[in-house]
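Remarks on the overall topology
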Amino acid sequence: MPQLQLPIFPAGSKNLTNEIAVECEGKRVVYTHGSMPMFQHEKGDIRTFRMFTSHLINIGSARQGDIVRTFGVPLPTVKRYLKLLREQGSEAFFAEPKGRSASVLNGAIREKAESLLREGRSVPEVAQATGIMANTLHKAIRAGRLPVVKKKHLPRTQ
């Protein structure tokens, strides 16, 4: 016959569920089930935190609302990492972030865009001549990678 285990948690711990509590011990976060430690990670280790809380939800030991209430994490974030766990597994939490694609504004195209801008052409004209989106050119100008466009002042007609 199964024996009922009373939920006895260490002093200073915070209840995640009726069976699981969380406690910060120095630089470590310790999860306890009843009075037995079940998992621990460094206080600032966000990847391990996301992985473990997603596992708790996935195996049915905690609900999404428990994680939100206990840790103050937004519900969409909890759902995002639960989906990541279910689709890609635990290793996805520790994978290196994907790199950005290569810059489209490089080499000869950049030189052509610079010369056209120095001639006084507008950004839409330069975009059409180089085949680069005007938004990309505007970003490069704001970042200082391309010269600032000097606006043409038309003489007033009276």
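So, here's what we can say about the structure.

What counts and what doesn't
Residues numbered from 1 in each chain as written. Predicted model: local features only at pLDDT ≥ 70, side-chain atom pairs only at ≥ 80, totals over all residues. Heavy atoms only, no water. Helix = DSSP H or I, 4+ residues; strand = E, 2+ residues; numbered from the N terminus. Areas by Shrake-Rupley, 256 points an atom, 1.4 Å probe, with all protein chains shown as cover. Pairing = 2+ DSSP bridges. Axes fitted to C-alpha atoms, helices over the stretch in contact; angles between N-to-C directions. Parallel < 35°, antiparallel > 145°, perpendicular 65-115°, else oblique. Contact = heavy atoms within 4.5 Å. Nonpolar A, V, L, I, M, F, W, Y, C, P; charged D, E, K, R; others polar. Core = buried A, V, L, I, M, F, W, Y, C linked by side-chain atoms within 4.5 Å. Buried < 20%, exposed > 50% of the residue type's maximum accessible area, 1.4 Å probe, protein only. Phe/Tyr/Trp six-rings, centres within 6.5 Å; stacked < 30°, edge-to-face > 60°.

Some details on the overall build of the protein
- Looking only at helices and strands, one finds 6 helices and 4 strands in the protein.
- The linear arrangement of helices and strands in the protein, starting from the amino end, is β-β-β-β-α-α-α-α-α-α.
- Surface accessibility of the protein: about 11500 Å² in total, with carbon and sulfur atoms responsible for 54%.

Thoughts on the pairing of strand 4 (residues 36-42)
- As defined by bridge partners, strand 3 (residues 28-33) adjoins strand 4 across 6 bridges and the pair is classed as antiparallel. When the bridges of strand 4 are listed, Tyr 31 appears paired with Phe 39.
- Where strand 3 folds back on strand 4, the antiparallel hairpin that results is connected by 2 residues, among which Gly 34 adopts a positive phi of roughly 70°.

Considering the pairing of strand 2 (residues 20-25)
- Looking at chain direction, strand 1 (residues 14-15) and strand 2 are connected through 2 bridges and run antiparallel. Directly across from Lys 14, in strand 2, lies its bridge partner Val 22.
- The loop that links strand 1 with its antiparallel partner strand 2 comprises 4 residues.
- In terms of strand pairing, strand 2 meets strand 3 through 6 bridges, oriented antiparallel. Paired with Ile 20 across the strands is His 33, a residue of strand 3.
- Between the end of strand 2 and the start of strand 3, which pair antiparallel, lie 2 residues, with Gly 26 showing a positive phi angle near 70°.

What to know about the packing of helix 1 (residues 46-58) against helix 2 (residues 64-71)
- Two elements in contact, helix 1 and helix 2, have axes whose closest approach is 9 Å; the angle formed by their N-to-C orientations is 140°. Between helix 1 and helix 2, the crossing angle belongs to the class labelled oblique. Taken together, the residues of helix 2 that come into contact with helix 1 (itself represented by Phe 49, Thr 53 and Ile 57) are Gln 64, Ile 67 and Phe 71.
- Grouping the amino acids of the contact of helix 1 with helix 2 by side-chain chemistry returns 4 nonpolar, 2 polar and no charged.

As for the nonpolar core
- In terms of nonpolar packing, the biggest core is built from 14 residues, with Leu 16, Val 22, Tyr 31, Leu 56, Ile 57, Ile 67 and Val 78 touching the most fellow members.
- Of all the elements in the fold, those that place two or more residues in this core are strand 2, strand 3, helix 1 and helix 3 (75-88).
- Apart from residues no more than four positions distant in its own chain, Ile 57 is found in contact with Ala 62, Arg 63, Gln 64, Ile 67, Val 78 and Leu 82.
- Listed in part, the 12 residues of the second largest apolar core include Leu 105, Ala 127, Leu 137 and Ala 140.

As for the environment of His 55
- Along the chain, His 55 turns up in helix 1.
- By relative accessible area, His 55 is classed as partly exposed at 27%.
- C-alpha separation for the pair His 55 and Ser 90, spaced 35 residues apart in sequence, amounts to 8.6 Å.
- When residues no more than four places from it in sequence are discounted, the contact partners of His 55 are Leu 85 and Ser 90.

Some points on the packing of aromatic side chains
- Counted according to the given criterion, the structure contains 5 aromatic pairs.
- Aromatic side chains Phe 39 and Phe 52 sit 4.2 Å apart centroid to centroid with 5° between the ring planes, which places their arrangement in the stacked category. Linking Phe 39 in strand 4 with Phe 52 in helix 1, this pair joins segments that are 13 residues apart in sequence.
- Its relative accessible area of 24% is what places Phe 39 among the partly exposed residues.

Describing the sheet that holds strand 2
- Read from one edge of the open sheet, 4 strands run 1-2-3-4, paired in antiparallel fashion. Sheet topology places strand 1 and strand 4 at the edges, where each strand pairs with a single neighbour.

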